[in-house]
Amino acid sequence: MTEPNQEVEPIEKGWSELTALVESLGPAGLEKTGGGQWAVKDHLVHIAAWELSLLALLEGHDRKKAMGVPNASDETDDINEAVWLLHRHQTPEQVLAFSRDSHAAMLKRLREMSDADLRRSYNHYQPNDPRDPGDDRPVVEWVAGNTYDHYAEHIGYIKAIS
């Protein structure tokens, strides 16, 4: 059995905070929009899609394909727009299921990994990614950016809407 890595605890803490906020809003609250076009549910889809991207990264698969937007450009804003367009008509119930399922799959994979696994480079997991063949930053940076740091960012956006 692999010793649990140090990333699981902050992920679980951040996820608990996010889900508590979402539950407090109820299904009707997920439809609320702020100053932009995104409703609360769109923030949840966005987070889920990036968790799927992280899962694909860790499994050596195509990240945009895992997000359901294989033809989007490599620009983050374009990917985010493509994800929004793909999911914008989903019901709150569909979004919640997508969010839960994506999170569970990503967390399952992370629980299988050690701290040493997370210190390996991005290119260890994505050797054929042409974006930067010299990127030797540890993959743990993507873990934080696509989980608890990402949750905290969107919790702020959701609170501003609700």
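Right, let's walk through the structure included here. These numbers come from a predicted model, not from an experiment. (Residues numbered from 1 in each chain as written. Predicted model: local features only at pLDDT ≥ 70, side-chain atom pairs only at ≥ 80, totals over all residues. Heavy atoms only, no water.)

## A word on the overall build of the protein
Part 1 of the argument: The helix and strand inventory of the protein stands at nine helices and zero strands.
Part 2 of the argument: Listing each helix as α and each strand as β along the protein from the N terminus yields α-α-α-α-α-α-α-α-α.
Part 3 of the argument: Since a compact globule built from 162 residues should have a radius of gyration of about 15 Å, the 16 Å found for the protein is in line with a globular shape.
Part 4 of the argument: Along the first, second and third principal axes, the C-alpha set of the protein runs to 45 × 35 × 20 Å.
Part 5 of the argument: Looking at the protein as a whole, 46% of its 162 residues qualify as buried.
Part 6 of the argument: Considering only residue pairs separated by 6 or more positions, the protein has 65% of its internal contacts joining residues 24 or more positions apart.
Part 7 of the argument: Averaged over its 16 positive side-chain charges, the protein has a centre that lies 3 Å from the centre of its 28 negative ones. (Helix = DSSP H or I, 4+ residues; strand = E, 2+ residues; numbered from the N terminus. Rg over C-alpha atoms; globule rule 2.2 N^0.38 Å. Buried < 20%, exposed > 50% of the residue type's maximum accessible area, 1.4 Å probe, protein only. Contact = heavy atoms within 4.5 Å. Lys, Arg positive; Asp, Glu negative; His and termini not counted. Charge placed at Lys NZ, Arg CZ, Asp CG, Glu CD.)

## A short note on the packing of aromatic side chains
Part 1 of the argument: Within the structure shown, the criterion is met by two aromatic pairs.
Part 2 of the argument: The side chain of Arg-88 reaches across the aromatic face of Trp-84, ending 5.3 Å from its centre. (Phe/Tyr/Trp six-rings, centres within 6.5 Å; stacked < 30°, edge-to-face > 60°. Lys NZ or Arg CZ within 6 Å of the ring centre and 35° of its normal.)

## Side note on the side chain of His-103
Part 1 of the argument: When you line up the elements, His-103 lands in helix 5 (residues 92–111).
Part 2 of the argument: For His-103, a relative accessible area of 7% translates into the label buried.
Part 3 of the argument: Ignoring sequence-local partners within four residues, the contact set of His-103 consists of Ile-11, Trp-15, Glu-51 and Tyr-151.

## Notes on the packing of helix 1 (residues 8–29) against helix 5
Part 1 of the argument: Two numbers describe how helix 1 lies on helix 5: the axes approach to 12 Å, and their chain directions differ by 170°. In terms of orientation, helix 1 lies roughly antiparallel with respect to helix 5. Taking contact as the criterion, the partners of Val-8, Ile-11, Glu-12, Trp-15, Val-22 and Pro-27 in helix 1 are, on helix 5, Pro-92, Glu-93, Leu-96, Ser-99, His-103, Met-106, Leu-107, Leu-110 and Arg-111.
Part 2 of the argument: Grouping the constituent residues of the contact of helix 1 with helix 5 by class yields ten nonpolar, two polar and three charged. (Axes fitted to C-alpha atoms, helices over the stretch in contact; angles between N-to-C directions. Parallel < 35°, antiparallel > 145°, perpendicular 65-115°, else oblique. Nonpolar A, V, L, I, M, F, W, Y, C, P; charged D, E, K, R; others polar.)

## Considerations on the pattern of salt bridges
Part 1 of the argument: Within this structure, the stated rule accounts for six salt bridges.
Part 2 of the argument: Across the salt bridge formed by Arg-120 and Asp-117, the nearest N and O atoms sit 2.7 Å from each other.
Part 3 of the argument: A relative accessible area of 36% means that Arg-120 is categorised as partly exposed.
Part 4 of the argument: Under the relative-accessibility criterion, Asp-117 is labelled buried at 17%.
Part 5 of the argument: A salt bridge links Glu-141 to Arg-137, with the shortest nitrogen-to-oxygen separation between them at 3.6 Å.
Part 6 of the argument: It is possible to trace a salt-bridge network through shared partners that takes in Lys-108, Arg-109 and Glu-112. (Salt bridge = Lys/Arg side-chain N within 4 Å of Asp/Glu carboxyl O.)

## Topic: the nonpolar core
Looking at soluble globular proteins, one finds that nonpolar side chains tend to be buried together.
Part 1 of the argument: Leu-18 and Leu-110 are the most contacted members of the largest nonpolar core, which totals 40 residues.
Part 2 of the argument: If you list the elements that add at least two residues to this core, you get helix 1, helix 2 (40–59), helix 4 (76–87), helix 5, helix 7 (122–125), helix 8 (140–146) and helix 9 (148–161).
Part 3 of the argument: Among the elements that take part in this core, helix 2 stands out by supplying twelve residues, more than any other.
Part 4 of the argument: Beyond its immediate chain neighbours, meaning those up to four positions away, Leu-110 contacts Asn-5, Ile-11, Leu-54, Leu-58, Leu-118 and Val-143. (Core = buried A, V, L, I, M, F, W, Y, C linked by side-chain atoms within 4.5 Å.)

## A word on helix 4
Part 1 of the argument: The terminal C-alpha atoms of helix 4, which comprises twelve residues, lie 17 Å apart, in line with the 16 Å expected from a rise of 1.5 Å per residue.
Part 2 of the argument: Turning to helix 4, its buried residues number three or more, namely Ile-79, Asn-80, Val-83, Trp-84 and His-87. Buried residues of helix 4, viewed axially, fall in a sector of 135°; they line one side.
Part 3 of the argument: For helix 4, the elements touching its buried residues are helix 2, helix 3 (63–67) and helix 5. (Expected span 1.5 Å × (residues − 1). Arc of directions from axis to C-beta.)

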